[in-house]
Amino acid sequence: MKSPKFTVISLFPEMIQQMVAQGVVGQGLKHNIFELEVINPRDFTTDVHKTVDDRPYGGGDGMVLLCEPLELALKQVVGEDSRVIYLSPQGQLLDDDKVKELAESPHIVMICGRYGGIDQRIINLYVDEEVSIGNYVLSGGELAAGVVIDSVARFFPGVLGHQDSAHSDSFTNGFLEAPNFTRPQNYKGQGIPTALLSGNHKLIEEWREKVGQLVTLSKRPELMLNVDLTVESIRDLYLFWQGLSAQERDLLGLSGLSAEEFSLLLAAEEEL
Ligand SMILES: C[S@@+](CC[C@H](N)C(=O)[O-])C[C@H]1O[C@@H](n2cnc3c(N)ncnc32)[C@H](O)[C@@H]1O
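So, a few notes on the structure that sits alongside this text. (Residues numbered from 1 in each chain as written. Predicted model: local features only at pLDDT ≥ 70, side-chain atom pairs only at ≥ 80, totals over all residues. Heavy atoms only, no water.)

1. Side note on the sheet that holds strand E6 (residues 107–112)
Here is step 1: What the five strands build is an open sheet, ordered E2-E1-E6-E5-E7; its pairing is parallel. The sheet is open, and its two borders are formed by strand E2 (35–39) and strand E7 (129–132), each paired with just one other strand. Each strand axis lies, on average, 30 degrees off the axis of its neighbour in the sheet, ignoring direction.
Here is step 2: Two strands pair when backbone bridges link them, and strand E1 (residues 5–9) and E2 are joined in this way by five bridges, in the parallel orientation. Paired with Lys5 across the two strands is Glu35, which belongs to E2.
Here is step 3: Helix H1 (residues 13–20) rests against E1 and E2 of the sheet, and its axis sits at about 160 degrees to E2. (Pairing = 2+ DSSP bridges. Helix = DSSP H or I, 4+ residues; strand = E, 2+ residues; numbered from the N terminus. Axes fitted to C-alpha atoms, helices over the stretch in contact; angles between N-to-C directions. Contact = heavy atoms within 4.5 Å.)

Have a look at this one:
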């Protein structure tokens, strides 16, 4: 089977190549688990100055990337199975569901804008969707392309080793991950939650699942509403939380959580 492929159209190809060469994702690229192609619209210009941008019609700040070099670049790379994305602050926000969906695509083509953005007619003609990495404006799409590649490639089989397995990461089951601890067993007066020292894998897994739910309720309570919870499971979670000592709650970063958050969650669940 062919490896999935990313094509990035960017005026700063080195930025993409450097970002993607690092860490587990870089190893995945090296081992051909996925392919990366970076092309520069400047190579598709026809004038002596290699012009890629021009002033916007109607005036205003910021140059706009010209249609022609982008179109020639797109024509060279887009095929039947390509999904063309324009990275844009106006796009759909990238989240875990979107990342998983993109990981199913055989070929993702990403256009990185610069300056004031790209000519709307390229979006109209070639772009399947616009994707944003957050409600803020970057000076170019390259960092966003790096974010898409990094997050999507983690779902390609073989990119993550056993140790970095995505299966326990935040968002996998709708909740955030439980906090992690490593050696030493005592660090500046802070120990390790006793459950993690028990050696009982089943118990540890159940404990982590519950703590992940508490962390979610504490840090991102709105995420709790996206998960199928029952009144009983909320009561169970409350009892589990009550069973944690004040010291353990501190250790787990849960000292801000109070009975009120559970009541609010119960009320919201009963309304659903
Ligand atoms: C300065 S921005 C242009 C913003 C554009 N004038 C607007 O207001 O929508 C330059 C380029 O950075 C990229 N970019 C900026 N913010 C982004 C975001 N939040 N997510 C993805 N790409 C972004 C886009 O490719 C954009 O064309």
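Further notes follow.
2. Focus on the site of the ligand
Here is step 1: Taken together, 21 residues are adjacent to the ligand, and Tyr86, Leu87, Gly113, Gly116 and Tyr136 come closest.
Here is step 2: Between the ligand and the protein, one listed contact pairs an oxygen atom with a side-chain N or O atom of Gln90 at 2.9 Å.
Here is step 3: In isolation the ligand offers 580 Å² of accessible surface; the protein chains occlude 83% of this area.
Here is step 4: Broken down by element, the residue count for the shell around the ligand peaks at five residues, all from strand E5 (residues 82–93).
Here is step 5: In the shell around the ligand, the residues fall into 10 nonpolar, 10 polar and one charged. (Near = heavy atom within 4 Å. Polar contact = N/O pair within 3.5 Å; in protein donor to acceptor, adjacent residues only side chain to side chain. Areas by Shrake-Rupley, 256 points an atom, 1.4 Å probe, with all protein chains shown as cover. Nonpolar A, V, L, I, M, F, W, Y, C, P; charged D, E, K, R; others polar.)

3. A word on the layout of surface pockets
Here is step 1: Roughly 520 Å³ of internal volume is contained in the second largest pocket.
Here is step 2: If you go around the second largest pocket, you meet 19 residues; those closest to its centre are Asp95, Asp96, Asp97, Ser170 and Phe171.
Here is step 3: When grouped by side-chain class, the residues that make up the lining of the second largest pocket number seven nonpolar, six polar and six charged.
Here is step 4: Residue assignment places the lining of the second largest pocket across two domains, with domain 1 (5–162) and domain 2 (170–271) each supplying three or more. (1 Å grid on protein atoms, 1.4 Å probe; cavity = no way out; pocket = protein on both sides within 12 Å on 5 of 7 lines; lining within 4 Å. Points joined across faces, edges and corners; volume = space filled by probe spheres on them. Domains from an automatic or database assignment.)

4. Topic: the nonpolar core
Here is step 1: Formed by 28 residues in total, the largest nonpolar core has its most connected members in Phe34, Leu87, Met110 and Phe156.
Here is step 2: Only E1, H1, E5, helix H4 (96–102), E6 and helix H6 (142–153) provide two or more residues apiece to this core.
Here is step 3: Per-element tally for this core: the top contributor is H6, with six residues.
Here is step 4: In contact with Phe156, not counting residues within four places along its chain, are Pro4, Phe6, Ile33, Phe34 and Ala103.
Here is step 5: Ile192, Val211, Leu217 and Val231 belong to the second-largest nonpolar core, a separate cluster that totals 27 residues. (Core = buried A, V, L, I, M, F, W, Y, C linked by side-chain atoms within 4.5 Å. Buried < 20%, exposed > 50% of the residue type's maximum accessible area, 1.4 Å probe, protein only.)

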